[in-house]
Amino acid sequence: MNKILVPIDGSECSMHALQTAIAMAGLRQDTELHLLTVAFPIVSGHAKMFLDQKVVEDYYNDEGEKAQAGAKSVAEKSGVKFVTTIKVGQSAQTITDFAREQQCSQIVMGTRGLSALPGILLGSVASKVIHLADVPVTLVK
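Residues numbered from 1 in each chain as written. Predicted model: local features only at pLDDT ≥ 70, side-chain atom pairs only at ≥ 80, totals over all residues. Heavy atoms only, no water.

Peer 1: Help me understand the pairing of strand β2 (residues 31–39) in this model?
Peer 2: Side-chain positions along a regular strand alternate between the two faces of the sheet. In terms of residue burial, β2 counts as a mostly covered element, since nine of its nine residues are buried. Side chains Thr-31, Leu-33, Leu-35, Thr-37 and Ala-39 project from β2 onto one buried face, and the interleaved Glu-32, His-34, Leu-36 and Val-38 project onto a second face that is buried too. Strand direction decides the pairing type here: strand β1 (residues 2–7) and β2, joined by six bridges, are parallel. The residue of β2 that forms the bridge with Lys-3 is Glu-32. For the crossover from β1 across helix α1 (residues 12–25) to β2, the handedness is right-handed. In this structure, β2 lies alongside strand β3 (residues 81–88), joined through eight bridges in parallel fashion. Among the inter-strand pairings, Ala-39 is bridged to a residue of β3, identified as Val-88. (Buried < 20%, exposed > 50% of the residue type's maximum accessible area, 1.4 Å probe, protein only. Helix = DSSP H or I, 4+ residues; strand = E, 2+ residues; numbered from the N terminus. Pairing = 2+ DSSP bridges. Right-handed = clockwise from strand over helix to strand, strands pointing away.)

Next up, the structure:
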């Protein structure tokens, strides 16, 4: 099976990447899209003592669902087989680890996400994924 990983953060660039991945998937009947949203860990250290783990998990899931809502709709309409996942961690490392774990053959992602601190010329997450990935990475504006 051909698996394409598409990181989704709710940005316009990630939606363009999804459209590109859908077009690529149309070329092969055995393609499955993996829509991955990575939530940045907001809770660490002493804060964990004051927050219930279930509350934190619900927050990550709610934020991930919001980011994936538009992408799910587009993927459903395309007819391409897809699965969604929400993970917590450092974006680039989590994306590349997930690609390895799921044995994805390619990563298709936007050049810029919703980060508050945009990278110069190329988004910092996209740049790190290029360096960390073991599979081809297609960047979409």
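Peer 1: Explain a nonpolar patch on the surface here, please?
Peer 2: A surface patch of nonpolar side chains, amounting to about 380 Å² of accessible area, comprises Met-49, Phe-50 and Leu-51. Along the polypeptide, Leu-51 turns up in the loop between α2 (47–50) and α3 (53–78). (Patch = residues over 30% accessible without salt bridge, like charges linked within 9 Å, V, L, I, M, F, W, Y side chains within 5 Å. Areas by Shrake-Rupley, 256 points an atom, 1.4 Å probe, with all protein chains shown as cover. Salt bridge = Lys/Arg side-chain N within 4 Å of Asp/Glu carboxyl O.)

Peer 1: Looking at this structure, I do not really get the nonpolar core. What am I missing?
Peer 2: Nonpolar side chains tend toward joint burial in soluble globular proteins. Counting residues in hydrophobic clusters, the biggest one holds 15 residues, and the most contacted among them are Val-6, Leu-18, Leu-33 and Leu-35. Put simply, the parts of the chain that give this core at least two residues each are β1, α1, β2 and α3. At five residues, the largest contribution of residues to this core is made by α1. Not counting residues within four places of it along the chain, the set of residues in contact with Leu-18 comprises Val-6, Ile-8, Leu-33, Leu-35, Ala-71, Val-74 and Ala-75. (Core = buried A, V, L, I, M, F, W, Y, C linked by side-chain atoms within 4.5 Å. Contact = heavy atoms within 4.5 Å.)

Peer 1: Is there a simple way to explain the confidence of the model for the protein in this structure?
Peer 2: Low pLDDT means the predicted coordinates in that region are not meant to be read closely. Averaged over every residue, the pLDDT of the protein is 89; the share at 70 or more is 88%. At the low end of the mean pLDDT range in the protein sits α2, at 69; at the high end sits β1, at 98. Across residues 116–122, confidence stays below pLDDT 50; counting only partners more than four residues off in sequence or on other chains, it has 10 contacts. (pLDDT = per-residue confidence, 0-100.)

Peer 1: Whenever I open this one, α3 confuses me. Can you help?
Peer 2: Each full turn of the α-helix corresponds to 3.6 residues, which orients residues three or four apart in the same direction. Compared with the 38 Å implied by 1.5 Å per residue over 26 residues, the 36 Å span of α3 between its first and last C-alpha is a close match. Largest kink in α3: about 45°, centred on Gln-68. Buried residues of α3: Val-56, Tyr-60, Gly-64, Ala-67, Gln-68, Ala-71 and Ala-75, and no others. At its buried positions, α3 is contacted by α1, β2 and β3. (Expected span 1.5 Å × (residues − 1). Bend = angle between axes of the 7 residues up to and from the residue.)

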